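A structural walkthrough
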Amino acid sequence: AAFLVRLPVTSTTGETPLGQWSKQIFGSSPLAFGIGKINVFNTQDLTNHRRELVLYHGAAFKALDKQAAPTPAPNLNWSRLSDSQRYWIVAQKRRMVRMNVGCDREFFVQIAGQLPIGSNLDPASDLESIVYQVSYVGLPSADQLNAYEVNATQKAPLCRARINARTGAVDEFVFLQDGLDHALIEKGYKPILISKGAEAALSYPCRRDASFINTIIDANATLQPGTANIEAVRTGRHLLKDRYGRFQIDCLFETLKLTERWPSIIDHALISPTKSNCTAGITLLAALRKIAVRKTTTRRIQESHDRAVEALNRGDLSSCLRASLEGRGHYWKYILKPTQGNSLPAQNVSSSKDGAAPAQIKPVPNAAAL
């Protein structure tokens, strides 16, 4: 009934004057506002129910990433929000839950300016900040529903943002490990990302890393078409393809799966250094150093980048490639849990001499799918 009230009477596409007027007034989201075709049973829209949004008084939190959530603040509500503000928040939530792990800083940046208006703040209020939490909500599986099983709702805090109650600025944003693990499992991946590096993982420069890896594959004679490693070549090329519904986190796990199954691909001792993989490595490090990571990691990536550039300028392609792989390894070490050390790109050079003939890449038997 709610959707019927908001549907334009002459068109569901917004092409007619009345349809355009309805679309402008009520928003452009087909599901939320009934503009366009309605399908409330597709997977993407149901993901909206897997995230719960709760507001808290900022003073109740000292450390966003460690403290358990207190009782929600009863006087922080949306009663003063207009329809347009509510719809904007809903639209941003729908975007967020469909991408990557279902939470990101951009969501809070986009809606933060609306929250103080809906917080019912008295001019004399001493409330300095609001903490907004997004939680993972576990829904019953299809098998559980078919079996009529009674299941308690599982919830886990996924991320939190501290927002200035007066200005609407996002002062702090963190991921929480429990919710992050659940979100990764929900997508079919192993929970191997560490919460402090999750935001850096969401900024993973997929195409630049894929280009770097493929220049390495191109320089390895044993990985050319027609060899026994055609699957490694095909998988590497697949990283460069854009696909609907594929985001940075998906590309990251695809890349990790490739380098775990064929670890020799990123072993410096088994790679033929070329100007192509050297320059591609420098381009990758230039992108990685701009990602929000801790200062020590940023410094190490910058140092690797500078060494690679210096090596290229003097024509030392082997050292350039080595520095590129080391800088790349610093990023992966930052985003993965410490127990995932065996998943990191190889950084240690074996006893083989530089320039030796590249060995055939051998897949790891029964490599676990991520």
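Below you will find a few notes about this structure.

What counts and what doesn't
- Residues numbered from 1 in each chain as written.
- Predicted model: local features only at pLDDT ≥ 70, side-chain atom pairs only at ≥ 80, totals over all residues.
- Heavy atoms only, no water.
- Pairing = 2+ DSSP bridges.
- Helix = DSSP H or I, 4+ residues; strand = E, 2+ residues; numbered from the N terminus.
- Axes fitted to C-alpha atoms, helices over the stretch in contact; angles between N-to-C directions.
- Contact = heavy atoms within 4.5 Å.
- Disulfide = S-S within 2.5 Å.
- Buried < 20%, exposed > 50% of the residue type's maximum accessible area, 1.4 Å probe, protein only.
- Salt bridge = Lys/Arg side-chain N within 4 Å of Asp/Glu carboxyl O.
- Patch = residues over 30% accessible without salt bridge, like charges linked within 9 Å, V, L, I, M, F, W, Y side chains within 5 Å.
- Areas by Shrake-Rupley, 256 points an atom, 1.4 Å probe, with all protein chains shown as cover.
- Lys, Arg positive; Asp, Glu negative; His and termini not counted.
- Charge placed at Lys NZ, Arg CZ, Asp CG, Glu CD.
- Parallel < 35°, antiparallel > 145°, perpendicular 65-115°, else oblique.
- Left-handed = near helix turned anticlockwise from the far one by under 90°.
- Nonpolar A, V, L, I, M, F, W, Y, C, P; charged D, E, K, R; others polar.
- Core = buried A, V, L, I, M, F, W, Y, C linked by side-chain atoms within 4.5 Å.
- Expected span 1.5 Å × (residues − 1).

**Examining the sheet that holds strand β1 (residues 51–57)**
What links the strands of a sheet is backbone hydrogen bonding, and the strands pair in either a parallel or an antiparallel sense. Reading across the sheet, the four strands line up as β1-β2-β3-β4 and stay open at both edges, with antiparallel pairing between neighbours. Two strands lie at the open edges of the sheet, namely β1 and β4 (170–175), each paired on one side alone. The mean angle between the axes of side-by-side strands here comes to 20°, regardless of whether they run parallel or antiparallel. Contacts from helix α8 (residues 177–186) reach β1, β2 (129–138), β3 (154–164) and β4 within the one sheet, and its direction differs from that of β3 by about 120°.

**As for the state of the cysteines**
All told, the structure shown has three disulfides when counted by the stated rule. Between the sulfur of C206 and that of C251 lies a disulfide, 1.9 Å long from S to S. Judged by the sign of its S-S torsion, about 75°, the cystine formed by C206 and C251 is right-handed. Taken as a pair, C206 in helix α10 (residues 206–218) and C251 in helix α12 (residues 248–261) lie far apart in primary sequence, 45 residues in all. Look at C206 and you get buried, because its relative accessible area is 15%. The side chain of C278 participates in a disulfide bridge whose partner is C320; the two sulfur atoms lie 1.9 Å from each other. Note on the C278 and C320 pair: the S-S dihedral is about 90°, so by sign convention the disulfide is right-handed. Taken together, the residues span a long stretch of sequence, with C278 in helix α13 (residues 275–288) and C320 in helix α15 (residues 317–335) at a distance of 42 residues. Of the two residues, C278 and C320, neither departs from the other in class, the shared state being buried.

**Observations regarding the environment of A308**
Take A308: it is sitting in helix α14 (residues 295–313). The contacts of A308, once residues within four sequence positions are left out, are I282, C320, A323 and S324.

**Concerning the pattern of salt bridges**
Pairing between side chains of opposite charge can happen when the charged atoms of each approach one another. Following the criterion strictly, the structure yields 15 salt bridges and no others. The salt bridge partner of R95 is D104, with a shortest N-O separation of 3.0 Å. On the basis of relative accessibility, which here comes to 11%, the residue D104 falls in the buried class. Here R246 and E254 are joined by a salt bridge, their closest N and O atoms 2.9 Å apart. Judged by its relative accessible area of 22%, E254 falls in the partly exposed class. Members of the salt-bridge network, linked through shared partners, are R243, R246 and E254.

**As for a positive patch on the surface**
Residues K196, R294, R300 and K333 make up a contiguous surface patch of positive charge. Its location among the elements puts K196 in the loop between α8 and α9 (198–202). Since its relative accessible area comes to 47%, K196 is described here as partly exposed.

**Remarks on the packing of α14 against α15**
The geometry of a pair of packed helices is captured by two quantities: the angle between their axes and the separation between those axes. Running from N to C, α14 and α15 point in directions that differ by 165°, and their axes come no closer than 7 Å. When the axis of α14 is compared with that of α15, the two are roughly antiparallel. Here α14 and α15 pass one another in a crossing that is left-handed. For the pair formed by α14 and α15, the contact residues are T297, R300, I301, S304, R307, A308, A311 and L312 on the first element and L317, S319, C320, A323, S324, E326, G327, H330, Y331 and Y334 on the second. Of the residues that constitute the contact of α14 with α15, the class distribution is nine nonpolar, six polar and three charged.

**Overview of the packing of α10 against α13**
The contact between α10 and α13 brings their axes to 9 Å, and the two run at 160°. By the criterion of interaxial angle, the relationship of α10 to α13 is roughly antiparallel. Where α10 crosses over α13, the handedness of that crossing is left-handed. Note on element contacts: α13 touches α10 through S276, N277, A280, G281, T283, L284 and A287, opposite R208, D209, S211, F212, T215 and I216. Tallied by class, the residues present in the contact of α10 with α13 amount to five nonpolar, six polar and two charged.

**Some points on the nonpolar core**
Membership of the largest hydrophobic core comes to 66 residues, with the highest contact counts inside it found for C103, F108, F175, L193, L252, Y331 and I335. If we skip the residues at most four places from it in the chain, Y331 touches A200, A201, Y204, L252, L288, I291 and I301.

**Points about α12**
In this model, α12 (14 residues) spans 20 Å end to end at C-alpha, consistent with the 20 Å of a helix rising 1.5 Å per residue. Every buried residue of α12 is listed here: I249, D250, C251, L252, F253, T255, L256, L258 and T259. Here the buried face of α12 lies against α8, α9, α10, α11 (230–238) and α15.

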